[in-house]
Amino acid sequence: MRGEFLDLGGARLYYYAAGTRGVGVPVVFLHGFPTSSHLWADVVPLMPPGHRLVVVDLLGFGRSDRPLSHRVDIEAHAERTLALLDELRIDRACLVGHGIGGGIAQAVALRQPRRISHLCLIDSVMLGQHLTIGGPLARTALSVAKWLPSKLLLAVLRRELGRCYSDPSRAERSIDLYLRPFGDDAGRAALAAHVRALAKDGTNDHESRISSLGMPTSLVWGDHDRLNPVSVGRRLQSAIPGATLNVIAGARHFTPEESPRKIAESIAALLDRA
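Just so it is clear, the model here is predicted, and its values are computed rather than measured.

Engineer: Describe the sheet that holds strand S4 (residues 52–57), with residues and values.
Structural biologist: In spatial order, the strands read S1-S2-S4-S3-S5-S6-S7-S8; together these 8 strands make up an open sheet with mixed pairing. Across the chains shown, the open sheet's two edge strands, defined by having one partner strand only, are strand S1 (2–8) and strand S8 (244–248). Adjacent strand axes in the sheet meet at a mean angle of 20° when their direction is disregarded. Strand direction decides the pairing type here: strand S3 (residues 27–30) and strand S5 (residues 93–98), joined by 4 bridges, are parallel. Along S5, the bridge assignment pairs Val28 with Leu95. The strands touched by helix H1 (residues 74–87) are S1, strand S2 (11–19), S3, S4 and S5; relative to S1, the strand with the most contacts, the crossing angle is about 115°. Together, strand S6 (116–122), strand S7 (217–222) and S8 form the strand contacts of helix H7 (residues 230–239), whose direction differs from that of S7 by roughly 170°.

Encoded structure:
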């Protein structure tokens, strides 16, 4: 496994590569808000052999650069994902997205469907809806981001994220990692930029286009996800022709961390579909 930075239009993205190249299509993993590539740490080792695996820190998260003047809405992240594929000389890939990462994966697939062989959406937002991240989590963060000191803002976000895990000890470890880039005033400004972009993301024109997606698609959901409830998964299943929905009993929002084997098995089954 190796990690490195790529400069995409003046913004550095961190990614690491894993897996083994073979006849299988590459798999690209996209995390959501406000997480990082750490989300996939337990999934990657369980993936089937023969696939190049690319795990990304989106701009403004993990080890990637802070956004500064760069846009961080879903469409901008989708543009950078396509630029990443170009830079890595990946012509066609399976996209796996969690939460907002699932919205980014949908946006990429709508932009350039020929480049997406398979689509796996995990506890995802649905383009065309008011994003559910613009519900309790983003609204709470946005309402306090302008006036709370960084430590108090992060405390509010930490509390809300903790409710998305069923395992408190795992929640504590992971949230520490996810919130580390936002621990100073510059980090708070970056966090506020993310939240503002998500709260007003203009995706309503996409809902009617989702039914045009023709690649094999798998939806995986925690049945106790209160952030993006299973009803969102059912709507996506109805909208995307041939999409399957696998609901994981007892899981909340962060299923890649709490049910990594079931996530890896779902992706493996998807990759076997023509």
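Read on, since the account is not over.
Engineer: Describe the pairing of S3, listing the residues and the values that go with them.
Structural biologist: Of the two faces of S3, both are covered, the one formed by Val27 and Phe29 as well as the one formed by Val28 and Leu30. Relative to S4, S3 runs parallel, the two being bridged by 4 bridges. Within S4, the residue paired with Leu30 across the bridge is Val56.

Engineer: Explain the environment of Tyr165 residue by residue, including any values.
Structural biologist: Along the chain, the position of Tyr165 falls in the loop between helix H4 (150–162) and helix H5 (168–179). Using a relative accessible area of 3% as the deciding quantity, one classes Tyr165 as buried. For the pair formed by Tyr165 and Arg252, sequence separation is 87 residues and the distance between their alpha carbons is 5.8 Å. Ignoring sequence-local partners within four residues, the contact set of Tyr165 consists of Arg170, Ala171, Ser174, Ile175, Tyr178, Arg252, Phe254, Glu257 and Glu258. A polar side-chain atom of Tyr165 sits 2.6 Å from a polar atom in the side chain of Glu257.

Engineer: Describe the packing of H1 against helix H2 (residues 100–111), and please don't skip the residues or the numbers.
Structural biologist: One way to put it is that H1 packs onto H2 with a least axis distance of 8 Å and a crossing angle of 65°. Judged by the sense of rotation from one axis to the other, the crossing of H1 with H2 is right-handed. Residues Ile74, Glu75, His77, Ala78, Glu79, Thr81 and Leu82 of H1 lie in contact with H2, whose contacting residues are Ile100, Gly103, Ile104, Ala107, Val108 and Arg111. Of the residues assigned to the contact of H1 with H2, the class counts are 7 nonpolar, 3 polar and 3 charged.

What counts, and where the lines are drawn
- Note on numbering: residues in each chain are counted from 1, in written sequence order.
- Local features in this predicted model are restricted to residues of pLDDT 70 or higher, and side-chain atom pairs are both shown and tallied only at a pLDDT of 80 or more, whereas totals for entire chains, interfaces and linings draw on every residue.
- Neither water nor hydrogens contribute to the side-chain values; these are computed over all heavy atoms in the structure.
- DSSP bridges decide pairing: two strands pair if at least two such bridges lie between them.
- Segments assigned H or I by DSSP are reported as helices when at least four residues long, segments assigned E as strands when at least two residues long, and all are numbered from the N terminus.
- Here an angle of 0 to 180 degrees is reported between the N-to-C directions of two axes, which are lines fitted to C-alpha atoms, with helices fitted over the stretch in contact.
- Contacts are assigned to residue pairs with any non-hydrogen atoms lying within 4.5 Å of each other.
- Exposure is judged per residue with a 1.4 Å probe applied to protein chains only, and the accessible area is read against the type maximum: over 50% gives exposed, under 20% gives buried, and values in between give partly exposed.
- Distance and chemistry together define a polar contact, namely a pair of N or O atoms within 3.5 Å, with one atom able to donate a hydrogen and the other to accept it when in protein, and with adjacent residues in sequence counting only for side-chain atoms on both sides.
- By definition, turning the near helix anticlockwise from the far helix through less than a right angle yields a left-handed crossing, and turning it clockwise yields a right-handed one.
- Each residue gets one label: Ala, Val, Leu, Ile, Met, Phe, Trp, Tyr, Cys and Pro are nonpolar, Asp, Glu, Lys and Arg are charged, and the others, such as Gly, are polar.

It is worth stressing that arrangement in space is one thing and function is another; only the former is reported here.
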